[in-house]
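The residues making up each chain are set out below.
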Amino acid sequence: MITIALSGICKISQAQEATVRVGGEVVKPYVVDQQMFSAMKQLHVKVTGRDSVQHDYSGVSLYEVITKAGAVAGNKLSGKELTKYVLITAADGYKVVIAMAEIDPGFTDQHILLVNQDNGENLAANYGPYRLIVPGDKRPARSVMRVVAIEVFAADKK
Ligand SMILES: Nc1nc2c(c(=O)[nH]1)N[C@H]1C(S)=C(S)[C@@H](COP(=O)(O)O)O[C@H]1N2
Ligand SMILES: [Mo]
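Calculation rules
- Residues numbered from 1 in each chain as written.
- Chains lettered and ligands numbered in written order.
- Predicted model: local features only at pLDDT ≥ 70, side-chain atom pairs only at ≥ 80, totals over all residues.
- Heavy atoms only, no water.
- Core = buried A, V, L, I, M, F, W, Y, C linked by side-chain atoms within 4.5 Å.
- Buried < 20%, exposed > 50% of the residue type's maximum accessible area, 1.4 Å probe, protein only.
- Helix = DSSP H or I, 4+ residues; strand = E, 2+ residues; numbered from the N terminus.
- Contact = heavy atoms within 4.5 Å.
- Pairing = 2+ DSSP bridges.
- Axes fitted to C-alpha atoms, helices over the stretch in contact; angles between N-to-C directions.
- Salt bridge = Lys/Arg side-chain N within 4 Å of Asp/Glu carboxyl O.

Asks: How should I be thinking about the nonpolar core in this particular structure?
Replies: Residues Ile-88, Leu-132 and Ile-150 are the most contacted members of the largest nonpolar core, which totals 32 residues. Counting residues per element, the ones that place at least two in this core are β1 (20-24), β2 (30-32), α3 (62-67), β5 (84-90), β6 (95-99) and β10 (147-154). It is α3 that contributes the most residues to this core, 4 residues altogether. With residues up to four places along the chain from it excluded, the contact list for Ile-150 reads Val-20, Arg-21, Val-22, Gly-23, Leu-62, Val-65, Ile-66, Val-86, Leu-87, Ile-88 and Leu-114.

Pasting the structure below:
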């Protein structure tokens, strides 16, 4: 009886981990789960890691993730909107910031991705289920593993 009860608890906590909370100063906070993730446009990026191995990551655009939450009013970043940034938080408390202009298609063609697969396989537990990939960075320090929250804020609140 005890074994059955414990395995039930484990399944619930695993299911809860496989989500990313999208919030902060947005119109429609929501939660990315597997179903929501698969419904977004799937993109690929090839990155050579510190292990000198080429990784073919697949996932969704960080910009799409935050626009779904109503993070960007209209289509044009200007004025105080330029102080908007995305705070990415991991399960271990690691945090990084991406400025909105680094992902707004009006400013850049670069795609920063929230990925769930590497070479067609789900990410290993120490990396996933979701990881940020910032292909343009020289070092992968902002490629946050085990992402749990994505929040949008503005540095200029006035
Ligand atoms: N959650 C989390 N993500 C993280 C880190 C971390 O400490 N915690 N370290 C970062 C740093 S400093 C590096 S260099 C890369 C390492 O990723 P790699 O194993 O793919 O080279 O992960 C980044 N992502
Ligand atoms: Mo690092």
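Asks: I keep staring at the sheet that holds β6 and nothing clicks. Help me out?
Replies: The strands making up a sheet associate through backbone hydrogen bonding, with each pair oriented either parallel or antiparallel. Reading across from one edge, β2-β1-β10-β5-β6 is the order of the 5 strands in this open sheet, with mixed pairing throughout. Strands at the two margins of the open sheet, each flanked by one partner only, are β2 and β6. Strand-to-strand twist of the sheet, defined as the mean angle between neighbouring strand axes without regard to direction, takes the value 20 degrees. For β1 and β2, the ladder comprises 3 bridges, and the chain directions are antiparallel. Residue pairing in the sheet places Val-20 in a bridge with Val-32 of β2.

Asks: Would you explain the pattern of salt bridges in this entry?
Replies: Opposite charge on two side chains permits them to pair, given that their charged atoms come into close proximity. Within this structure, the stated rule accounts for 5 salt bridges. The closest approach of N and O atoms between Glu-81 and Lys-84, which form a salt bridge, is 3.3 Å. Exposure class is identical for Glu-81 and Lys-84. Each is buried. For Asp-92, the salt bridge is made with Arg-146, and the minimal N-O distance between the two is 3.4 Å. Of the two residues, Asp-92 is situated in the loop between β5 and β6 and Arg-146 in the loop between β9 (131-133) and β10; the sequence distance between them amounts to 54 residues. Exposure remark for Asp-92: the relative accessible area of 51% places this residue in the exposed category.

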